[in-house]
Amino acid sequence: MTEIATARRSRITPEREAELYEAVLDLLRKVGYDALTMDAVAARTRSSKATLYRQWGGKAELVVKAIRHGKPGPAGEIDTGSLRGDLHALVTREDDCVMEQNSALMRGVAMAMHHNDDLRQAFREQLVEPEMAEFRRLLQRAVERGEIRPDCPALDFLVHMLVGGFATRTLIDNQPPTQAFLKSYLDAVVLPALGVPTT
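Residues numbered from 1 in each chain as written. Predicted model: local features only at pLDDT ≥ 70, side-chain atom pairs only at ≥ 80, totals over all residues. Heavy atoms only, no water.

### Things to note about the overall build of the chain
In step 1: Scanning the chain from N- to C-terminus turns up 10 helices and zero strands.
In step 2: Counted from the first residue to the last, the chain has its helices and strands arranged as α-α-α-α-α-α-α-α-α-α.
In step 3: The principal-axis extent of the C-alpha atoms belonging to the chain is close to 55 × 40 × 30 Å.
In step 4: Buried positions account for 38% of the 199 residues belonging to the chain.
In step 5: Put simply, the chain shows about 11100 Å² of open surface, and 54% of that area lies on carbon and sulfur atoms.
In step 6: For the chain, the separation between the mean place of its 26 positive charges and that of its 28 negative charges on side chains is 4 Å. (Helix = DSSP H or I, 4+ residues; strand = E, 2+ residues; numbered from the N terminus. Buried < 20%, exposed > 50% of the residue type's maximum accessible area, 1.4 Å probe, protein only. Areas by Shrake-Rupley, 256 points an atom, 1.4 Å probe, with all protein chains shown as cover. Lys, Arg positive; Asp, Glu negative; His and termini not counted. Charge placed at Lys NZ, Arg CZ, Asp CG, Glu CD.)

Encoded structure:
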């Protein structure tokens, strides 16, 4: 990226950026990804469309960055001294109300990804891959502590198990995920699969 482009991108203050992201998430919750337009974001945030495109390139990148901005800090920074403690701490970073809102939001975005290649690519590059790297850090510490065998076959499926808990809770049970549900799920399914004691 050229210095001029970098300078142009850095004109938005962190406070203004947070305000824009909150507006995007609010619109996303109300109308969904497909009906969300850059015109609507510009009107809601008193911005020009040109500024939005210059800063984010397009709707997919703006939406994914807004979702990422609202997430708690990196999972790899959690270090309670045990994998069970780390995973339970991960679950408690958001209260039940926030988890319910985020679950509905992610369900809508997941549906939109099926027919929006740009959204799927932005989501993978900016959310999935960084989060996978953070999970690998968390799991590597557990391996180094001797909690998990390095050749444990379930290691490759941790993220699938975690996403599965969220997805089945909302899609099959028609209930939002809660801290209590997710902690029980971790103790009953995820940790035993990894060979980690739950007491």
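### Here's the deal with the pattern of salt bridges
In step 1: Enumeration according to the criterion identifies 17 salt bridges in this entry.
In step 2: Note that K65 is salt-bridged to E61, the shortest N-O span being 3.1 Å. Taken together, the residues span about one helical turn, with K65 and E61 both in helix α5 (residues 59–69) at a distance of four residues.
In step 3: Where salt bridges share partners, they join D79, D86, R141, R145 and E147 into one cluster. (Salt bridge = Lys/Arg side-chain N within 4 Å of Asp/Glu carboxyl O.)

### Structural notes on the nonpolar core
In step 1: With 28 residues, the main nonpolar core has L28, I67 and L119 as its most contacted residues.
In step 2: Of all the secondary structure elements, the ones that give two or more residues to this core are α2 (14–35), α3 (38–45), α4 (49–56), α5, α7 (96–113) and α8 (117–144).
In step 3: With seven residues, the top contributor of residues to this core is α2.
In step 4: Those residues in contact with L119 that lie beyond four places of it in its chain are Y33, A60, V64, V109, A112 and M113. (Core = buried A, V, L, I, M, F, W, Y, C linked by side-chain atoms within 4.5 Å. Contact = heavy atoms within 4.5 Å.)

### Thoughts on the confidence of the model for the chain
In step 1: Mean pLDDT for the chain: 86, with 95% of residues reaching 70 or above.
In step 2: The element-level mean pLDDT for the chain is lowest in helix α1 (residues 3–9), coming to 43, with helix α10 (residues 179–194) highest at 94.
In step 3: Of the regions scoring below 50 in pLDDT, residues 1–9 engages in nine contacts with residues more than four places distant in sequence or in other chains. (pLDDT = per-residue confidence, 0-100.)

### Let's talk about the layout of surface pockets
In step 1: Space inside the second largest pocket adds up to approximately 190 Å³.
In step 2: In terms of lining, the second largest pocket is formed by M132, F135, R136, L139, Q140, L155, D156, F157, L158, V159 and H160.
In step 3: Put simply, the parts of the chain that give the lining of the second largest pocket at least two residues each are α8 and α9 (158–171).
In step 4: Looking at the lining of the second largest pocket, the element that brings in the most residues is α8, giving five residues.
In step 5: Classifying every residue of the lining of the second largest pocket gives seven nonpolar, two polar and two charged. (1 Å grid on protein atoms, 1.4 Å probe; cavity = no way out; pocket = protein on both sides within 12 Å on 5 of 7 lines; lining within 4 Å. Points joined across faces, edges and corners; volume = space filled by probe spheres on them. Nonpolar A, V, L, I, M, F, W, Y, C, P; charged D, E, K, R; others polar.)

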